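Spelled out, the chains give:
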Amino acid sequence: MTATTGPTIEVASLTKVFRRSVTAVKDLSFTVSPGRVTGFLGPNGSGKTTTLRCLLGLVRPTDGQALVDGRPYRDLPNPTGMVGAALEASGFHPGRTARNHLRVVAAAAGLPASRADEVLEAVGLTDAGRRRLVEYSLGMRQRLALATALLGDPGALILDEPANGLDPEGIAWLRSYLRARAAAGGTVLVSSHALSEMQQTVDDVVIINKGELVQAGTLSSLSTGERVVLRSPDEARLLPLLLREGSGVEADSRPDGSILVTGLSAAEVGHLAFSGGCELHELSTESDALERIFLDLTRGDA
Amino acid sequence: MSAPARDLVASEWRKVATTRIVWVLTAVAVVYSSVQAGTLVLIAAPGLMEGLAGTVLTDDLLAKPEYITAVLGQAGTASIFVLLLGVIAMTSEFRHMTITSTFLATPMRGRVLVAKMALFAGIGAGVAVVAFAGVLLTTTLALVPFDHAPITLEAAASVLAGAVVGLALMAILGVSVGSLITNQVAAIVTALVWVMLVEALVTLAFPAVGQWLPGGALNAAMAVALRADMSGGMSAADVLPPWGGILVLLAYAGVFAAIASRTTLRRDIT
Ligand SMILES: Nc1ncnc2c1ncn2[C@@H]1O[C@H](COP(=O)(O)OP(=O)(O)OP(=O)(O)O)[C@@H](O)[C@H]1O
Ligand SMILES: [Mg+2]
């Protein structure tokens, strides 16, 4: 595994319009830094795959740029050694074996055929390497796509929904592999709509919806802080007390009868309840799951 | 940029060697051209076909050296399979979406096209050699029971050279057609309909035009067109010289490839 720093990936005012009518990506800008795992999140059809394909020179941007190390992919002197990519639905010839597929790509990249066996081992496909791809399951194909990305031992990995079809063990392995890659200085950009699993893997997130940027930043900057959950028989008296504390405070009742408070800590809520003489049946905190933030951010028609 | 051209051709060769289609179509081409040659011997054999053909075959064709050369020239009938091999090589990348990993490794797309054409020139030549070997063997065996003009080394050598050049060009043409029509089924159907229907009819009706079409040019390139007998009514005046045939085939392939690299090969890969 390379210990050198991976390239920076930059998407600048990227717009892609398909067939003059379908705007898949709209004025999208974000940067992906080396040494970190960046999650690229968005609901189905939000333009993730299109953005990644623009980055890889497979789709021509209508406007703006998608650059790796400051250059368009096709101008990279050694693309396979700089960027390893595994794209959703990238194809394999069904009659070829996994090993031969890798040897085809290795040759085109000017790499020795022995790399095929090395990457098969890295993704745990050594035993299945000589089987024809028509026999491969979805999860095995995902592993092979990842193996293909690793052939050139690239500084950057660009993976489109790499966890799709992987078993829990495979997902755990992928997670630690990507973390290790980033820890070694690599650049890692992973798209997903299965957010819960990203939460434990990513340092940074880029969230898009309908082709437009919703939010970009570190995972921790996304969390809007603690949410406090309470139950109280005196809720009618308590809520005005809480809301009086500041304009940033919000309280919503939830279907289960509890109240969700944002903008105050549990200690502050407890103190206000006590000094107001309100009885509490529950006072707990809930940390913001990425899932919920994501749903909030991408909810509603723009 | 990226890997040297030699590596690209090596990659293309691995694509071919690790799937079955080339071996299958090569075998079919050898069998087909050998059967054609054997048939030509038998229909010309005195006594064998007289019942069927009436008294048309009054000449003893097998005694004519040109006829023997024409029989060997059946190696050229492998050309249709070689054309299809080239078409399939390019279109299967789009059909199976391996074009994604191909263009990821080689983002300069034109280089992929050139590497494929270079490799398939070699494959066309290779198929020509084995098809010729099959034809030579079949012809030799089929001629055993009959009196016939000898198979001369010069005739064999010139037919082989013609087949090697002609089939190499046909394979290149196939790759260029496949890059222009990237849908595999559409490309195969177009190639077959063109060769078997359009070109056959045009050549029959307008031989002067037919000589400029790929099939006519191939015949010229192989220099074994048997004029009246073999080329659907072409007279000698309507066959280009061999170098003319070579240039015409190269021009077709070059123009198709140039158009493809500005149109179909620039498309988004999604
Ligand atoms: N080749 C194409 N022609 C026309 N429209 C396209 C094409 N490719 C993608 N689109 C459209 O662009 C939009 C974005 O698609 P994209 O595949 O980038 O989304 P995605 O975020 O990857 O979705 P998913 O999570 O389902 O993979 C969609 O509306 C899609 O229909
Ligand atoms: Mg997608």
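Every chain's residues receive numbers from 1 upward, in the order its sequence appears when written. Chain letters start at A and ligand numbers start at 1, both assigned in the order the entries are written. Per-residue local features are limited, in this predicted model, to residues with pLDDT of at least 70; the limit for side-chain atom pairs, both in listing and counting, is 80 or more; totals at the level of whole chains, interfaces and linings are taken over all residues. For side-chain calculations, the full set of non-hydrogen atoms in the structure is used, while hydrogens and water are omitted.

J.: Can you walk me through the sheet that holds strand β13 (residues 282–286) of chain A in this structure?
T.: Whether parallel or antiparallel, the strands of a sheet pair through hydrogen bonds between backbone atoms. Residue and element names in this part refer to chain A. A strand pair is defined by DSSP finding two or more bridges across the two strands. For helices the rule is a DSSP run of H or I covering at least 4 residues; for strands it is a run of E covering at least 2, with both sets numbered from the N terminus onward. With respect to topology, 4 strands assemble into an open sheet ordered β11-β12-β10-β13, the strand pairing being antiparallel. Unpaired on one side and paired on the other, β11 (250–253) and β13 mark the two borders of the sheet. Mean inter-strand twist for the sheet, computed between neighbouring axes without regard to direction, equals 25°. Bridging between strand β10 (residues 227–231) and β13 involves 5 bridges; their strand directions are antiparallel. In the strand pairing of β13, arginine 227 is matched with glutamate 286. Any two residues whose heavy atoms approach within 4.5 Å are treated as being in contact. Where helices are involved, their axes are fitted lines through C-alpha atoms of the stretch in contact, as for all axes, and angles between N-to-C directions lie from 0 to 180°. Contacts between helix α10 (residues 266–276) and the sheet are confined to β10, β12 (259–262) and β13, with β13 contributing the most and set at about 160° to the helix.

J.: What exactly am I supposed to notice about the sheet that holds strand β4 (residues 63–68) of chain A here?
T.: Residues and elements named next belong to chain A. In spatial order, the strands read β2-β1-β4; together these 3 strands make up an open sheet with antiparallel pairing. Edge strands, defined here as strands with exactly one partner in the open sheet, are β2 (22–32) and β4. On average, each strand axis in the sheet is tilted by 20° relative to the strand beside it, whichever way the strands run. In this sheet, β4 lies alongside strand β1 (residues 9–18) in antiparallel orientation, the contact comprising 5 bridges. Within β4, the position partnered with threonine 15 by the bridge is aspartate 63. Each of β1, β2 and β4 is contacted by helix α1 (residues 48–55), which is oriented at about 115° to β1, the strand it contacts most.

J.: Is there a simple way to think about the site of ligand 1 in this case?
T.: Nearness is defined per residue: one heavy atom within 4 Å of the molecule or strand is enough. Around ligand 1, the surrounding shell holds 16 residues, and the nearest of these are Gly45, Lys48, Thr49 and Thr50 of chain A together with Thr270 of chain B. Those residues lying near ligand 1 are distributed over chains A and B. A distance of 2.7 Å separates an oxygen atom of ligand 1 from a polar atom in the backbone of glycine 45 of chain A. In the analysis that follows, any N or O atom pair within 3.5 Å is treated as a polar contact, provided that within protein one partner can donate a hydrogen and the other can accept it, and provided that, for residues neighboring in sequence, both atoms belong to side chains. One nitrogen or oxygen atom from the main chain of serine 46 of chain A is found 3.2 Å from an oxygen atom belonging to ligand 1. For ligand 1, the protein covers 72% of the area, taking 640 Å² as the surface of the free molecule. Those elements that provide at least two residues to the shell around ligand 1 are β2 and α1 of chain A. Here the element with the most residues in the shell around ligand 1 is α1 of chain A; it accounts for 3 residues. Three classes are used, and their members are as follows: Ala, Val, Leu, Ile, Met, Phe, Trp, Tyr, Cys and Pro are nonpolar, Asp, Glu, Lys and Arg are charged, and the others, Gly among them, are polar. Within the shell around ligand 1, the residues separate by chemical class into 4 nonpolar, 8 polar and 4 charged. To be clear on the numbers: accessible area is Shrake-Rupley with a 1.4 Å probe, and residue cover counts the displayed protein chains and nothing else.

J.: Explain the interface of chain A and chain B to me, please; I cannot follow it from the model alone.
T.: For interface size, the figure often reported is the accessible area lost on association. Each partner contributes residues to the interface: chain A has 36 residues there, and chain B has 29 residues. Buried area, as used here, totals the accessible surface that two parts lose on assembly, with accessibility defined by a 1.4 Å probe and the loss added over both. Here chain A meets chain B over a buried area of about 2,700 Å², counting both sides, of which 57% is carbon and sulfur. Considering only the side of chain A, the residues that lose the most area to chain B are Leu58, Arg74 and Ala108 of chain A, jointly responsible for 21% of the buried surface there. Salt bridge, as used here, is a side-chain nitrogen of Lys or Arg placed within 4 Å of a carboxyl oxygen of Asp or Glu. At the surface where chain A touches chain B, the tally comes to 1 salt bridge. The salt bridge involving lysine 16 of chain A is made with aspartate 268 of chain B; its shortest N-O contact spans 2.7 Å. Put simply, chain A and chain B have 12 residue pairs in polar contact (both at pLDDT 80 or more) between them. Counting residues per element, the ones that place at least two in the side of chain A that touches chain B are β1, α2 (79–82) and α3 (98–108) of chain A. The leading source of residues in the side of chain A that touches chain B is α3 of chain A, at 7 residues.

J.: Is there a simple way to explain the confidence of the model for chain B in this structure?
T.: Keep in mind that low pLDDT regions are not for reading the predicted coordinates in detail. All names here are of chain B. Per-chain confidence: chain B averages 88 in pLDDT, with 89% of residues scoring 70 or above. Confidence of the prediction at every residue is given by pLDDT, a number between 0 and 100. The low-confidence segment residues 225–235 (pLDDT under 50) makes 24 contacts with residues lying over four places distant or belonging to another chain. Overall fold confidence for the complex sits at a pTM of 0.86, while the interface term, ipTM, reaches 0.88.

J.: Just checking my understanding: could you explain the pattern of salt bridges for this structure?
T.: Where side chains of opposite charge bring their charged atoms close, a pairing between them can arise. All chains considered together, the criterion is met by 18 salt bridges over all chains. Between arginine 36 of chain A and aspartate 204 of chain A there is a salt bridge, with its nearest N and O atoms 2.7 Å apart. Here the residue arginine 36 of chain A occupies a position in the loop between β2 and β3 (37–41), and aspartate 204 of chain A occupies one in strand β8 (residues 204–209), the gap between them amounting to 168 residues. Measuring nitrogen to oxygen at the nearest pair gives 2.6 Å for the salt bridge that ties arginine 115 of chain A to glutamate 118 of chain A. In this pair, arginine 115 of chain A and glutamate 118 of chain A both sit in helix α4 (residues 114–122), 3 residues apart, roughly one turn of the helix. According to the relative accessible area criterion, arginine 115 of chain A is buried, its value standing at 18%. Exposure categories follow from relative accessible area, calculated using a 1.4 Å probe and restricted to protein chains: below 20% of the type maximum is buried, above 50% is exposed, and the middle band is partly exposed. On the basis of relative accessibility, which here comes to 42%, the residue glutamate 118 of chain A falls in the partly exposed class. Salt bridges sharing common partners tie together Glu12, Lys15, Glu93 and Lys116 of chain B.

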